[in-house]
Amino acid sequence: MKIMNSTYQRASKYGALLFFNLLFSSNLLYAGTQSMHTHETASGSALAEKTTWADTESKHQTHPETHEDALSILFGNDYFAGNDSRYTSGFGLAWTSADINAFGPSHPYAKIGNLLAFIPTVKNSTYKKYLQFTLGMEIYTAEDITMPDPPKNDHPYAGILYLDNSIISIGPGSSHQFNLRLGVVGPASGAEYVQTRFHEIIDSPAPRGWDTQLRNEPIVNLFYQYGRRLVRNAPLDHFGFDLTANGGGGLGNYYTGANIGLTARIGCNLPDTYSSMPILGEAASLAGLSPAGNNFRCYAFLEPRFFGVLRWLPTDGNTFVDSRSGDRDRWFSNLSLGLVLGYGKFALSCIYHNIVGAFCFKNTVSGNQDSYGTVILTVFLG
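Residues numbered from 1 in each chain as written. Predicted model: local features only at pLDDT ≥ 70, side-chain atom pairs only at ≥ 80, totals over all residues. Heavy atoms only, no water.

**Structural notes on the pattern of salt bridges**
Counted by the stated rule, this structure contains ten salt bridges. Where Glu200 meets Arg197, a salt bridge forms, and the shortest distance between an N and an O atom there is 3.0 Å. Residue Glu200 and its partner Arg197 are located together in helix α5 (residues 191-201), separated by three residues, close to a single helical turn. Note on Glu200: relative accessible area 51%, which makes it exposed. On the basis of relative accessibility, which here comes to 37%, the residue Arg197 falls in the partly exposed class. (Salt bridge = Lys/Arg side-chain N within 4 Å of Asp/Glu carboxyl O. Helix = DSSP H or I, 4+ residues; strand = E, 2+ residues; numbered from the N terminus. Buried < 20%, exposed > 50% of the residue type's maximum accessible area, 1.4 Å probe, protein only.)

**So, the nonpolar core**
Ile160, Val185, Tyr254 and Tyr255 are the most contacted members of the largest nonpolar core, which totals 17 residues. Broken down by secondary-structure element, the contributors of at least two residues to this core are β4 (158-171), β6 (217-233) and β9 (293-312). Apart from residues no more than four positions distant in its own chain, Val185 is found in contact with Ala158, Gly159, Ile160, Leu214, Arg215, Asn216, Glu217, Ile219, Leu313 and Asn318. Ala234, Leu270, Tyr299 and Ile376 belong to the second-largest nonpolar core, a separate cluster that totals eight residues. (Core = buried A, V, L, I, M, F, W, Y, C linked by side-chain atoms within 4.5 Å. Contact = heavy atoms within 4.5 Å.)

**Focus on the environment of Asp327**
Turning to its location among the elements, Asp327 is positioned in the loop between α6 (313-316) and β10 (331-344). On a C-alpha basis, the gap between Asp327 and Lys152 in space is 9.4 Å, while along the polypeptide they are 175 residues apart.

**Description of the confidence of the model for the chain**
Predicted coordinates in regions of low pLDDT should not be interpreted in detail. Confidence in the prediction for the chain averages 77 pLDDT; 72% of positions are at 70 or higher. For residues 1-64, every residue scores under 50 in pLDDT, and the model assigns this stretch 51 contacts once sequence neighbours within four places are set aside. Below pLDDT 50 for its whole length, residues 361-367 participates in 20 contacts with residues either more than four positions away or in separate chains. (pLDDT = per-residue confidence, 0-100.)

**Details of the environment of Arg229**
Take Arg229: it is sitting in strand β6. Looking at Arg229, the relative accessible area reads 9%, which means it is buried. Considered as a pair, Arg229 and Tyr274 are 45 residues apart in the sequence and their alpha carbons are 8.1 Å apart. In this structure the side chain of Arg229 is engaged in a polar contact, spanning 2.9 Å, whose partner is the side chain of Asp272. (Polar contact = N/O pair within 3.5 Å; in protein donor to acceptor, adjacent residues only side chain to side chain.)

**Here's the deal with α5**
Residues of α5 that are buried include every one of Ala191, Gln195 and His199, and no others. Looking down the long axis of α5, one finds its buried residues gathered within 60° of arc, a one-sided arrangement. Set apart from the buried face of α5 by more than 90 degrees, the exposed residues are Tyr193, Glu200 and Ile201. (Arc of directions from axis to C-beta.)

**Regarding helix α3 (residues 108-115)**
All buried positions along α3 are accounted for by Tyr109, Ala110 and Gly113. Taken down its axis, α3 places every buried residue within 95° of arc, on the same side. Opposite its buried face, α3 presents the exposed residues Pro108, Asn114 and Leu115, each directed more than 90 degrees away.

**Points about the side chain of Thr374**
Within the secondary structure, Thr374 sits in strand β12 (residues 369-380). In this structure the side chain of Thr374 is engaged in a polar contact, spanning 3.3 Å, whose partner is the side chain of His353.

**Brief notes about the packing of aromatic side chains**
Overall, the coordinates contain nine aromatic pairs when judged by the stated rule. Ring geometry for Phe178 versus Tyr224: centroids 4.9 Å apart, planes at 45°, classification tilted. Of this pair, Phe178 sits in strand β5 (residues 174-185) while Tyr224 sits in strand β6, and the two are 46 residues apart along the sequence. Phe178 gets classed as partly exposed once you look at its relative accessible area, which sits at 26%. For Tyr224, a relative accessible area of 26% gives the class partly exposed. Ring centres of Tyr254 and Trp312 lie 5.2 Å apart, and the angle between their planes is 70°; on these two criteria the pair is classed as edge-to-face. Placement of the pair is Tyr254 in the loop between β7 (239-252) and β8 (255-268) and Trp312 in strand β9, with a sequence separation of 58 residues. Taken as a pair, Tyr254 and Trp312 share a single burial class, namely buried. Ring pairing ties together the aromatic residues Tyr140, Phe223, Tyr254, Tyr255 and Trp312, which thus form one cluster. (Phe/Tyr/Trp six-rings, centres within 6.5 Å; stacked < 30°, edge-to-face > 60°.)

This is how it looks when you write it as structure tokens:
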């Protein structure tokens with residue numbers, strides 16, 4: 001076991017070094033390209049260089065992205081992974097706007113953008129900007145839901161009702177997503193009623209430990225996520241691939257921590273979008289989607305991510321009063337596998353997540369291992 005831990009730690013260290021090397025190499029390459037175009041002259045060599053660059057771009061032309069207002073319905077459940085504990089279920093209804101730059105100054109989208117103009121990427125007119133609002137619920141239970149009084153160190157029962165408010169800025173080769181989560185944990189979330197009724201419908205054992213759930217507490221949390229395109233080759237109406245580096249974190253009484261990761265995609269008619277805002281629990285993305293138009297879209301993706309967690313409310317318990325709390329690692333790895341199908345105004349995403357305590361291979365304590373599936377149906381309304 002010591003050998004495995006040592007090997008994993010070395011792999012994590014060198015993997016992180018490789019990640020940052022790719023990230024900053026890509027930034028330097030992009031900056032160099034911008035500088036080249038800024039300082040071009042009318043000389044024959046400069047003109048030839050510009051022509052070569054344009055020819056290369058035309059070979060890798062992708063679909064012109066026509067983002068529209070979109071309504072997304074999310075359903076996540078560990079039933080898809082064959083278990084029923086810890087993060088057991090999640091629901092979400094999200095509204096994502098079209099590019100707010102396309103609306104006049106009197107439109108509500110534009111007014112919200114003006115209120116957020118203190119954010120550099122929102123103020124920058126070269127970025128496309130999208131608003132997103134998500135109303136959702138997360139449900140967590142102990143490992144054995146038939147026990148009225150689970151062990152003290154088991155994952156506590158917790159219901160979370162939240163409203164996520166995001167603005168996504170997409171520029172040349174990068175994206176920035178800012179999110180404010182407002183919500184409540186405890187009986188006021190209504191999670192006990194929702195899970196009990198759902199288990200009655202599917203004829204599953206009744207969860208009996210809700211009397212031990214976390215107490216009522218308001219939630220205020222900020223999140224930020226950065227994406228940097230490293231590689232992209234996605235010709236129109238052909239198979240293509242891309243690779244994106246991402247990193248970010250959160251600060252608040254719901255989640256405080258940081259993450260780094262990669263998103264690799266391969267398929268037909270890849271959209272020019274970026275990776276998700278990863279939040280332990282429900283880490284599926286609803287941001288930056290685009291309709292497939294008259295083309296059929298099909299692609300698979302792989303997202304390995306690493307988290308360093310200082311606070312995680314569903315496991316750590318209430319912030320200001322005594323409550324149940326579970327054992328967990330401070331370091332996690334999350335591997336997500338997904339398939340996205342789209343045609344016209346519709347898109348369907350199916351995702352499998354596996355979260356593991358990065359330095360606890362036995363996974364014997366609650367919260368150090370979890371797996372679940374997510375299904376997202378999106379309808380574009382433009």
